[in-house]
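Examination of the molecular architecture
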Amino acid sequence: TRQLAGGGAGPGIKGKERQGKMMLCKGTKIGDYILDEEIDSGGEATVWKGHKPGNKELPFALKIRKPVLYQNRKEFDEQREKVDKEKNNLIAFSHGSVYVVSIQDLIYAIVDLEDEQYIVSAIVTDFSEIGNLFNLLAAGKVKTYIPGELEFIQLLLNITAGVWAGHLQNYV
């Protein structure tokens with residue numbers, strides 16, 4: 001484990017490196033947060049459960065975008081704009097559902113890895129013990145959290161409408 005400099009654009013990141021790629025692992029420090037457990041991973045980001053030092057009882061979810069090779073300030077600003085757009089989408093889609101979490105923090109950093117600089121960004125939200133809605137649907141566990149069929153249909157319609165609105169605005 002080593003400390004990676006924050007490059008003045010944001011907080012430093014502590015993690016492991018392999019072949020020029022930042023490898024996140026349990027115990028990695030990103031911004032003010034320590035990573036505890038990888039929750040999910042996709043094409044653009046990895047979601048981790050983490051906490052702030054000294055308060056492991058209050059978990060957070062960190063959606064950490066895949067590092068992007070830093071070319072210039074314009075590239076950094078474009079990556080920051082993508083994260084800001086996603087943050088605004090989360091705020092717009094928030095409607096009091098237990099499946100939509102509140103944003104707590106944003107992290108932007110330029111880190112040095114093997115003589116190259118990478119842009120690393122993350123959205124920090126409340127951690128939901130309920131889990132990923134799509135995994136719950138696939139496992140047939142949603143009825144545990146949604147009392148009736150009508151509420152279930154309304155939830156799916158809300159999700160579909162939100163995703164469609166995101167597609168129309170080129171957010172998703």
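1. A short note on the overall build of the chain
- Of regular secondary structure, the chain possesses 3 helices and 10 strands.
- When the helices and strands of the chain are placed in sequence order, the string is β-β-β-β-β-β-β-β-α-β-β-α-α.
- The proportion of buried residues among the 172 residues of the chain is 31%.
- Of the roughly 10,400 Å² of accessible surface on the chain, 51% is carried by carbon and sulfur atoms.

2. A word on the packing of aromatic side chains
- All chains considered together, the criterion is met by 1 aromatic pair.
- With a centroid separation of 5.4 Å and 75 degrees between ring planes, the pair formed by tyrosine 33 and phenylalanine 60 is classed as edge-to-face. Within this pair, whereas tyrosine 33 is found in strand β5 (residues 33-41), its partner phenylalanine 60 is found in strand β7 (residues 55-65), the two being separated by 27 residues in sequence. As far as burial versus exposure is concerned, tyrosine 33 and phenylalanine 60 are alike and both buried.

3. A word on the pairing of strand β6 (residues 45-52)
- For β6, a buried count of 6 out of 8 residues is recorded, marking the element as mostly surrounded by other parts of the structure.
- Pairing of β5 with β6, which is carried by 6 bridges, proceeds in the antiparallel orientation. Note that in β6 the partner of isoleucine 34 across the bridge is histidine 51.
- Counting the residues between successive antiparallel strands, the hairpin from β5 to β6 contains 3 residues.
- As judged from the 7 bridges shared by β6 and β7, these two strands associate in the antiparallel manner. Note that in β7 the partner of lysine 49 across the bridge is alanine 61.
- Hairpin remark: β6 followed by β7, antiparallel, with 2 residues in the connecting loop; positive phi at glycine 54, about 85 degrees.

4. Topic: the nonpolar core
- Membership of the largest hydrophobic core comes to 14 residues, with the highest contact counts inside it found for Ile30, Tyr33, Leu35, Leu62, Ile64, Ile107 and Val124.
- At 4 residues, the largest contribution of residues to this core is made by strand β10 (residues 116-126).

5. As for the side chain of threonine 28
- Secondary-structure assignment places threonine 28 in the loop between β3 (21-23) and β4 (29-30).
- Polar side-chain contacts of threonine 28 include one of 2.7 Å to the backbone oxygen of cysteine 25.

6. Description of the pattern of salt bridges
- Inspection of every chain in the model, using the stated rule, returns 5 salt bridges.
- Linking glutamate 86 and lysine 63 is a salt bridge whose minimum nitrogen-to-oxygen distance equals 2.4 Å. Residue glutamate 86 is found in helix α1 (residues 73-93), and its partner lysine 63 is found in strand β7; the two are separated by 23 residues along the sequence.
- For glutamate 86, a relative accessible area of 17% translates into the label buried.
- Assessed through its relative accessible area of 31%, lysine 63 is described here as partly exposed.
- The shortest N-O distance in the salt bridge between aspartate 77 and arginine 73 comes to 3.4 Å. Of the two residues, aspartate 77 and arginine 73 are both situated in helix α1; the distance of 4 residues between them amounts to about one turn of the helix.

7. A word on the environment of lysine 82
- By secondary structure assignment, the location of lysine 82 is in helix α1.
- Given a relative accessible area of 45%, lysine 82 falls into the partly exposed group.
- Separated by 39 residues in the primary sequence, lysine 82 and serine 121 have C-alpha atoms spaced 9.8 Å apart.

8. Focus on the confidence of the model for the chain
- Taken residue by residue, the chain gives an average pLDDT of 74. The fraction at 70 or more is 66%.
- Across the chain, the element-wise mean pLDDT spans from 31 in strand β1 (residues 2-4) up to 93 in β6.
- Scored below 50 in pLDDT, residues 1-21 shows 61 contacts in the model against residues more than four places distant or in partner chains.

Reading the values: the criteria
Residues numbered from 1 in each chain as written. Predicted model: local features only at pLDDT ≥ 70, side-chain atom pairs only at ≥ 80, totals over all residues. Heavy atoms only, no water. Helix = DSSP H or I, 4+ residues; strand = E, 2+ residues; numbered from the N terminus. Buried < 20%, exposed > 50% of the residue type's maximum accessible area, 1.4 Å probe, protein only. Areas by Shrake-Rupley, 256 points an atom, 1.4 Å probe, with all protein chains shown as cover. Phe/Tyr/Trp six-rings, centres within 6.5 Å; stacked < 30°, edge-to-face > 60°. Pairing = 2+ DSSP bridges. Core = buried A, V, L, I, M, F, W, Y, C linked by side-chain atoms within 4.5 Å. Polar contact = N/O pair within 3.5 Å; in protein donor to acceptor, adjacent residues only side chain to side chain. Salt bridge = Lys/Arg side-chain N within 4 Å of Asp/Glu carboxyl O. pLDDT = per-residue confidence, 0-100. Contact = heavy atoms within 4.5 Å.

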